[in-house]
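Descriptive structure summary
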Amino acid sequence: MFFVDTLEFEGLGNRSYLAGGPSAAVVVDPPRDIDQVIAAAARRGVRIALVAETHVHNDYVTGGLELARVTGARYLVPAGARVSFARTPVSDGDTVTVDEGLVLRAIATPGHTPHHTSYALTEDGRDVAVFTGGSLLIGAVGRPDLVEPRLTEQLARAQHASAHRLADELDDEVPVLPTHGFGSFCSSSQAGGDATTIGKERETNDALTLDVDTFVSRMLAGLDDVPAYYAHMGPANAAGPAPVDLTPPRRADAEEIASRLAAGEWVVDLRSRMAFAEGHVAGSFNFEGEGKLATYLAWLIPWGKPVTLLADTPERIADAQRKLARVGIDRPAAAATGDPARWIREGERLAAFRRARFADLADIRERGEEVVVLDVRRDSERAGGYIDGSVHIPVHELHGRIGDVPDGVVWVHCAGGMRAAIAASLLDAAGREVVAVDDGFGAATEAGLTLTRPGRTD
């Protein structure tokens with residue numbers, strides 16, 4: 001009897017899979033921190049015989065090469081992928097035995113990348129699952145614009161064809177097990193749901209319900225911003241990532257923290273946005289350890305800039321270090337934990353700024369006070385409606401555009417509060433007076449704030 005275990009990485013919106021039989025297993029699209037995969041295999045009591053990549057990833061650093069080296073597994077990589085290391089090249093239709101009666105079959109599914117390959121898991125001749133990587137996702141497909149702009153429309157058309165090939169070759173009850181699509185920016189759109197099958201996708205997925213021209217035009221029109229760090233992931237994976245080092249970083253005292261800030265390095269406070277607003281090291285930035293730490297820190301930080309981590313506990317540092325390693329931020333320069341008062345030199349004071357709700361902003365406006373309202377959501381979010389008179393700078397652009405923020409007290413908001421906290425910390429570090437709106441955007445209307453809705457006349 002076969003099994004499939006899902007390894008989920010919520011911060012990046014990705015999944016990896018361990019699948020096998022009584023004695024051996026395959027790992028599909030493993031994360032950088034392979035200890036989790038090895039532990040999962042140990043719990044199952046199976047040997048990792050194969051490691052399979054669906055494509056050269058653009059959104060995270062793979063652990064596939066190192067996992068294959070450590071376990072002695074065969075490393076399956078699509079033959080069309082240009083890589084600089086030894087691997088077992090896989091072409092359309094190739095089959096590899098995982099365990100007795102359990103076979104992995106390669107299915108060429110170009111679209112997310114030109115070389116993208118899905119893998120059908122077959123037990124005694126019957127397809128029992130398909131690992132679709134960045135091809136067919138839950139209610140969507142992987143975006144086609146991460147490889148080369150000139151290839152985007154061609155790859156979008158290939159995605160449509162690949163989705164149809166999977167639907168044509170596999171039975172309706174076959175579970176679809178994608179790598180992307182759970183909040184990942186590798187998905188062309190975000191759909192709800194946690195599980196799906198070929199049959200469900202046949203009924204609901206645009207790639208399977210729309211003609212190719214309509215599908216392509218809709219998908220290309222709906223593509224969101226691409227995190228800047230993606231530009232570094234593909235080359236790192238093609239070159240062959242080095243083993244990850246998760247040993248604790250060196251401890252920094254207040255003097256070292258100050259000197260690193262003075263040198264222009266990044267000092268990142270992982271505490272909650274509430275705690276940060278109440279008191280923090282002046283010049284530090286707030287990226288909460290929970291949520292999308294890796295996505296947003298890697299997106300905003302100048303690539304290669306040394307980073308020092310601050311947190312309440314060593315466990316929080318270790319968790320952040322693991323998340324950051326997945327996106328190529330391998331070694332924090334230093335770290336400090338405990339009471340924030342110990343992170344500043346004698347005679348210095350912690351910095352702070354205000355937090356508020358949209359109702360507070362409405363009150364301020366009603367009293368006639370002039371403030372700057374800064375919207376740091378993405379373009380696609382703002383297109384659904386924005387506060388009348390607000391300034392728009394997406395959070396991932398703000399660090400380089402602080403000078404574009406008008407003079408005055410800045411009330412900064414996003415859709416839920418996390419990105420507003422990041423933006424508030426950037427503005428605070430730049431010496432601006434800031435108020436972080438920690439509220440859901442739906443509360444703006446409830447508070448009586450006037451929204452502008454582009455394209456609507458009602």
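Residues numbered from 1 in each chain as written. Predicted model: local features only at pLDDT ≥ 70, side-chain atom pairs only at ≥ 80, totals over all residues. Heavy atoms only, no water.

1. Concerning the overall build of the chain
Put simply, the test is: The helix count covers DSSP runs of H or I at least four residues long, the strand count covers runs of E at least two residues long, and both are numbered beginning at the N terminus. When a residue's accessible area, from a 1.4 Å probe over protein chains only, is under 20% of the maximum for its type it is buried; when over 50% it is exposed; and in between it is partly exposed. Contacts are assigned to residue pairs that have any heavy atoms within 4.5 Å of one another. Per-residue accessibility takes into account occlusion by the displayed protein chains alone, with areas from the Shrake-Rupley method and a 1.4 Å probe. In this count, Lys and Arg are taken as positive residues and Asp and Glu as negative ones, while His and the chain termini are left out. We put the charge of a Lys on NZ, of an Arg on CZ, of an Asp on CG and of a Glu on CD.
In terms of helices and strands, the chain carries 16 helices and 23 strands. Based on the C-alpha atoms only, the size of the chain along its principal axes is roughly 70 × 60 × 35 Å. For the chain, the proportion of its 458 residues judged to be buried stands at 55%. In the chain, 68% of the contacts between residues at least 6 apart in sequence involve partners at least 24 apart. In the structure as shown, the chain presents an accessible area of about 18800 Å², 48% of it carried by carbon and sulfur atoms. Computed over 46 positive and 66 negative side-chain charges, the separation of the two mean positions in the chain equals 3 Å.

2. Focus: the sheet that holds strand S12 (residues 196–197)
Put simply, the rule reads: Any two strands with at least two DSSP bridges between them are considered paired.
The strand order S7-S8-S9-S10-S11-S12 describes an open sheet built from six strands, whose pairing is mixed. Either end of the sheet is taken by a strand with one partner, and the two such strands are strand S7 (95–99) and S12. As judged from the three bridges shared by strand S10 (residues 126–133) and strand S11 (residues 175–178), these two strands associate in the parallel manner. Across the sheet, the residue bridging to Gly-133 is Pro-178, located in S11.

3. Some points on the packing of aromatic side chains
Where we set the bar: Each Phe, Tyr or Trp ring (for Trp, its six-membered ring) is paired with any other whose centre lies within 6.5 Å, and the angle between the two planes then decides the class: stacked below 30 degrees, edge-to-face above 60, tilted in between. Placement of a positive charge over a ring is assigned whenever Lys NZ or Arg CZ falls within 6 Å of the ring centre and within 35 degrees of the normal to the ring plane.
As enumerated under the stated definition, the model contains eight aromatic pairs in all. Ring centres 5.9 Å apart and planes at 80° place the aromatic pair Phe-358 and Phe-441 in the edge-to-face group. Placement of Phe-358 in helix H12 (residues 358–366) and of Phe-441 in the loop between strand S22 (434–437) and helix H16 (442–446) is noted, with a sequence separation of 83 residues between them. For Phe-358, a relative accessible area of 0% gives the class buried. Residue classification places Phe-441 among the buried positions, given a relative accessible area of 14%. Chaining the aromatic ring pairs together yields one cluster made of Trp-266, Phe-285 and Phe-287. Taking the ring centre of Phe-441 as reference, the NZ or CZ of Arg-377 above it sits at 4.0 Å. Over the aromatic face of Tyr-386 sits the side chain of Arg-382, whose NZ or CZ is 3.8 Å from the ring centroid.

4. Describing the sheet that holds strand S21 (residues 410–413)
The strands making up a sheet associate through hydrogen bonds between their backbones, and the pairing can be parallel or antiparallel. Pairing within the open sheet is parallel, and its five strands lie in the order S17-S22-S21-S18-S20. The strands lining the two open edges of the sheet, one partner per strand, are strand S17 (354–356) and strand S20 (391–392). The pairing of S17 with S22 spans three bridges and is parallel. Looking across to S22, one finds that Arg-355 is bridged to Ala-436.

5. A short note on the nonpolar core
Rules: Throughout, nonpolar core names a set of buried Ala, Val, Leu, Ile, Met, Phe, Trp, Tyr and Cys residues whose side chains join them through atoms within 4.5 Å.
In this structure, Trp-266, Phe-287, Leu-297, Leu-300, Leu-309, Leu-374 and Leu-398 are the most contacted members of the largest nonpolar core, which totals 52 residues. Not counting residues up to four positions away in its chain, the partners in contact with Leu-297 are Trp-266, Val-268, Phe-287, Leu-324 and Ile-329. Leu-18, Ile-34, Ala-41 and Tyr-75 belong to the second largest nonpolar core, which has 22 residues in total.

6. Thoughts on the pattern of salt bridges
Basically, it comes down to this: When a carboxyl oxygen of Asp or Glu is within 4 Å of a side-chain nitrogen of Lys or Arg, the pair counts as a salt bridge.
Summed over all chains, the structure comprises 38 salt bridges. Residues joined in a network through salt bridges with shared partners are Asp-33, Asp-35, Arg-322 and Arg-326.

7. Remarks on the pairing of strand S9 (residues 117–123)
With seven of seven residues buried, S9 is to be regarded as a mostly interior element. Here S9 shows no split at all, with Thr-117, Tyr-119, Leu-121 and Glu-123 on one side and Ser-118, Ala-120 and Thr-122 on the other all buried. In this structure, S9 lies alongside S10, joined through five bridges in antiparallel fashion. Across the sheet, Tyr-119 pairs through a bridge with Phe-131, a residue of S10.

8. Comments concerning the environment of Ala-158
As for its placement among the helices and strands, Ala-158 is situated in helix H3 (residues 152–169). Using a relative accessible area of 19% as the deciding quantity, one classes Ala-158 as buried. Along the backbone, Ala-158 and Gly-111 are 47 residues apart, and their C-alpha atoms lie at a distance of 4.7 Å.

9. Some details on the side chain of Arg-273
Here is the rule we go by: Any pair of N or O atoms that falls within 3.5 Å is considered a polar contact. Within protein, one atom must be able to donate a hydrogen and the other to accept it, and sequence-neighbouring residues count only if both atoms are side-chain atoms.
Inspection of the secondary structure assignment puts Arg-273 in helix H9 (residues 273–278). In terms of polar contacts, Arg-273 uses its side chain to reach the side chain of Asp-438, at 2.9 Å. When residues no more than four places from it in sequence are discounted, the contact partners of Arg-273 are Asn-286, Glu-288, Arg-355, Gly-416, Gly-417, Met-418, Ala-421 and Asp-438.

10. Topic: the packing of H3 against helix H6 (residues 212–222)
Quick note on the threshold: Between the N-to-C directions of two axes lies an angle of 0 to 180 degrees, each axis being a line fitted to C-alpha atoms and, for a helix, fitted only over the stretch in contact. For classification, angles of less than 35 degrees are called roughly parallel, those exceeding 145 degrees roughly antiparallel, those between 65 and 115 degrees roughly perpendicular, and all remaining angles oblique. Each crossing gets its handedness from the near helix: less than a right angle anticlockwise from the far helix is left-handed, clockwise is right-handed.
At a closest axis distance of 9 Å, the pairing of H3 and H6 adopts a crossing angle of 125°. Classified by the angle their axes make, H3 and H6 are oblique. The chirality of how H3 crosses H6 is right-handed. Residue-level contacts link Thr-152, Glu-153, Ala-156, Arg-157, Gln-159 and His-160 of H3 to Val-212, Asp-213, Phe-215, Val-216, Met-219 and Leu-220 of H6.

11. Some words on helix H10 (residues 293–300)
For the α-helix, the turn length of 3.6 residues means that residues three or four positions removed from each other point alike. In terms of burial, H10 is a largely internal element, eight of the eight residues being buried. Regarding H10, the residues found buried are Leu-293, Ala-294, Thr-295, Tyr-296, Leu-297, Ala-298, Trp-299 and Leu-300. The inward-facing, buried residues of H10 contact strand S13 (266–269), helix H11 (314–325), helix H14 (395–398) and helix H15 (418–429).

12. What about the pairing of S7?
In summary, the side chains of a regular strand alternate between the two faces of the sheet. Bridge count between S7 and strand S8 (residues 102–108): four bridges; the pairing is antiparallel. Within S8, the residue paired with Val-96 across the bridge is Leu-104. Between S7 and S8, which follow one another and run antiparallel, lie two residues, and Gly-101 among them has a positive phi close to 80°.

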